[in-house]
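Chain by chain, the residues:
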Amino acid sequence: MSQNLQAVRGMNDILPDEAETWENFEDIVRDWLKGYGYRPIRMPIVEPTPLFCRAIGEVTDIVEKEMYSFADALNGELLTLRPEGTAGCVRAAIEHNLVAAGGPQRLYYQGPMFRHERPQKGRYRQFHQIGAEALGFAGPDIDAELILMGARLWGQLGLTDIRLELNSLGSAAERAAHREALVAYLEAHEDKLDEDGKRRLHANPLRILDTKTPALQELVEAAPKLADYLGDESRAHFEALRALLDEAGVAYRINHRLVRGLDYYNRTVFEWVTDRLGAQGTVCAGGRYDGLVEQLGGKPTPAAGFAMGVERLLALWREGGEAEVIAERPAPDIYVVNQGEGAQKLAFRAAEALRDIGLDVTLHCGGGSFKSQMKKADASGAPLAVLVGDDEAAAGEVSIKPLRGGGAQRRVSFATLSETVADMLYSGAHEDEGDEEGASDGSL
Ligand code: HAM
C-alpha cells in the first residue's frame, strides 16, 4: 500500500477561498507599485548556487544552513532554489545591462522563495515575497521613498500596528572599526560573558549584541555603538533620510541593534514590524546595498530595496477583517442550465456568446435534473440563469430567468440572447433587492 502523498513540510497549498484573497491583495499591491513607477521583472526560481553565496554572504544563516541546493543531475552544476529575490534581480539587471542601457531602474518581483527553516506560524519553507529594488539611485531620497511606499500600503490595506525600525550600518570600513572596538570592549569584560558569548567573541561579536540573556543586558547596552563609528558621509545620508521621513510624518524608532541577516547591506536598513503575529512579526524589510552590483560583476551601481512577506501581511490583513470584505466569492453574471443532448450543444453556444460580450458565465456541467441545476444556479450568486431544454433547443430559443429580486422568466430566440441579457443585467431587472425573494422554484 502506498502512503497518501502530502505536501512537503513547511510548504503550503493555497486553496481557492484563500487564493482569491491572495489575488485581491496582489492586485492592490501591483497598482501601488505602479503608482511609484516600479516595473515588473520575473527571474527564474532556480539560480546557480554561487550567486547566493556571493550576494548573501558565506557566513549567514541562509547560506550556511537554509538553502535548498542540489547538483543538476545532468551536468552536475550546483543550483539553489532562490531563498530571496535581490540576488537574482541584480544578476538579471547586470546580465541584461539594464542600468547601463536604460538608466536607473525601479523594479519589482513577486513569487515563492525557499528557506529550510524550522516551520512555525508565519515562518515557512516555501513562502512568498513581493520585492522592490531601486537600482542606480545613490541618495537618501530613494531610501525615504521606499519607506513611504510601505506606509502608504499599510494605510491602503487598513493595517494598523505596524511600526518602523531604522538603522544605519555605515560602510564596510566603518563597521570594521566598530567591530574592533567592540571586540576590545568585550575582551575587557570576558569574565562576564556566558559560554555562548565567549564562543562568539571572535567569530561573530555582533551577534552578542542580540543576546536575550538578562545578565548580559547591561554589558551590551554599554557596548560601543556602530552609530558612533559612522563617518561624515554615512551620517549625512542617515540625517537626510530622517529629515525626509520627519517631513512626511512617518514615525520610526532607531534600533541600533538592527543588523539584518544578509551581508549585502550598507547604510540604511529598516524593518516594518508588528506585535500581532507572535514571534514572526517582521512583515517587510530592506535597505541599501551599494556594493552588491559590483560584487556580482557589474559596474558600481548604488541600490536599495525591500521585500515583504506575503503570508505575514495576509495574516494581518485577514485578522483586521478587511480581507474578508474584499474577498467575497465572486459570482458569475450568468449560470447556464441545460438538459438533453441538443440542449447541451445550444447551451455551449449560449455560454460562449455571452462571454463574447464580456460576461462571466458558469456553464452547468455534469448533468442532473433541472431542479438540482437551478439550486446550483441560485447558490452561484448569479443574477440571471439561462435555461436550455430540448424543446427550446429545437426552436432555437433559450429562457432567461432572473434569480434575484423576482421578475418574469422570458423566452427569446438565440439570436437575441446577448442583447436581452445585457438589457436585463444593466436595466437592473434582476436587482438584488433581497435574497429572500431570490430562490427559484426550478421550473422551466
Ligand atoms: P528578508 O528579511 O530575509 O530580506 O526577508 C524579507 C521578508 O520576507 C521578511 O521580513 C518576512 O516578512 C519574509 N520572510 C522571510 N523568511 C520567511 C519565511 N521563512 N517564512 C515567511 N516569510 C518569510 C530579504 O529577503 C531581502 N532580499 C529584502 C531586500 C530586498 N533587501 C533589499 N531588497
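Please read these numbers as outputs of a predicted model, since none were measured by experiment.

### As for the layout of surface pockets
Right, so step 1: There is about 220 Å³ of room inside the second largest pocket.
Right, so step 2: Taken together, 17 residues line the second largest pocket, and the ones lying closest to its centre are Glu 18, Tyr 124, Glu 311, Ala 315 and Arg 318.
Right, so step 3: Elements with a contribution of two residues or more to the lining of the second largest pocket: α1 (16–34), β6 (126–135) and α13 (310–319).
Right, so step 4: Tallying contributions element by element places α13 first for the lining of the second largest pocket, with 5 residues.
Right, so step 5: Residues belonging to the lining of the second largest pocket are distributed by class as follows: 6 nonpolar, 5 polar and 6 charged.

### With respect to the site of the ligand
Right, so step 1: Near the ligand there are 25 residues, and of these Glu 84, Thr 86, Glu 117, Glu 133 and Tyr 265 occur at the shortest range.
Right, so step 2: Between the ligand and Glu 133, the relevant distance is 2.8 Å, taken from a nitrogen atom to a side-chain nitrogen or oxygen of the residue.
Right, so step 3: Separating an oxygen atom of the ligand from a backbone N or O atom of Thr 282 is a distance of 2.8 Å.
Right, so step 4: Taken by itself the ligand offers 660 Å² of open surface, and the protein chains cover 96% of this.
Right, so step 5: No other element matches the 5 residues that strand β10 (residues 282–288) contributes to the shell around the ligand.
Right, so step 6: Classifying every residue of the shell around the ligand by side-chain character gives 11 nonpolar, 7 polar and 7 charged.

### A word on the confidence of the model for the protein
Note: predicted coordinates in regions of low pLDDT should not be interpreted at a detailed level.
Right, so step 1: With 94% of its residues at a pLDDT of at least 70, the protein reaches an overall mean of 92.
Right, so step 2: Within the model, pLDDT remains below 50 along residues 432–444, and this stretch shows 26 contacts once partners closer than five positions in the same chain are excluded.

### Focus: a nonpolar patch on the surface
Right, so step 1: On the surface, Ile 45, Val 46 and Phe 70 cluster together to form a nonpolar patch covering roughly 210 Å² of accessible area.
Right, so step 2: The residue Val 46 is located in strand β2 (residues 46–48) in this model.
Right, so step 3: Judged by its relative accessible area of 31%, Val 46 is partly exposed.

### What to know about the pairing of β6
Right, so step 1: Of all 10 residues that make up β6, 10 are buried, and the element is covered over most of its length.
Right, so step 2: Burial along β6 is two-sided: the face carrying Gln 126, His 128, Ile 130, Ala 132 and Ala 134 and the face carrying Phe 127, Gln 129, Gly 131, Glu 133 and Leu 135 are both buried.
Right, so step 3: Here strand β5 (residues 105–114) pairs with β6 via 10 bridges, running antiparallel. Counterpart to Tyr 108 in the pairing with β6 is Ala 132.
Right, so step 4: Where β6 meets strand β11 (residues 303–309), 7 bridges bridge the pair, whose relative direction is antiparallel. From the neighbouring strand, Gln 129 faces β11, where its bridge partner is Gly 309.

Criteria and thresholds
- Residues numbered from 1 in each chain as written.
- Predicted model: local features only at pLDDT ≥ 70, side-chain atom pairs only at ≥ 80, totals over all residues.
- Heavy atoms only, no water.
- 1 Å grid on protein atoms, 1.4 Å probe; cavity = no way out; pocket = protein on both sides within 12 Å on 5 of 7 lines; lining within 4 Å.
- Points joined across faces, edges and corners; volume = space filled by probe spheres on them.
- Helix = DSSP H or I, 4+ residues; strand = E, 2+ residues; numbered from the N terminus.
- Nonpolar A, V, L, I, M, F, W, Y, C, P; charged D, E, K, R; others polar.
- Near = heavy atom within 4 Å.
- Polar contact = N/O pair within 3.5 Å; in protein donor to acceptor, adjacent residues only side chain to side chain.
- Areas by Shrake-Rupley, 256 points an atom, 1.4 Å probe, with all protein chains shown as cover.
- pLDDT = per-residue confidence, 0-100.
- Contact = heavy atoms within 4.5 Å.
- Patch = residues over 30% accessible without salt bridge, like charges linked within 9 Å, V, L, I, M, F, W, Y side chains within 5 Å.
- Salt bridge = Lys/Arg side-chain N within 4 Å of Asp/Glu carboxyl O.
- Buried < 20%, exposed > 50% of the residue type's maximum accessible area, 1.4 Å probe, protein only.
- Pairing = 2+ DSSP bridges.

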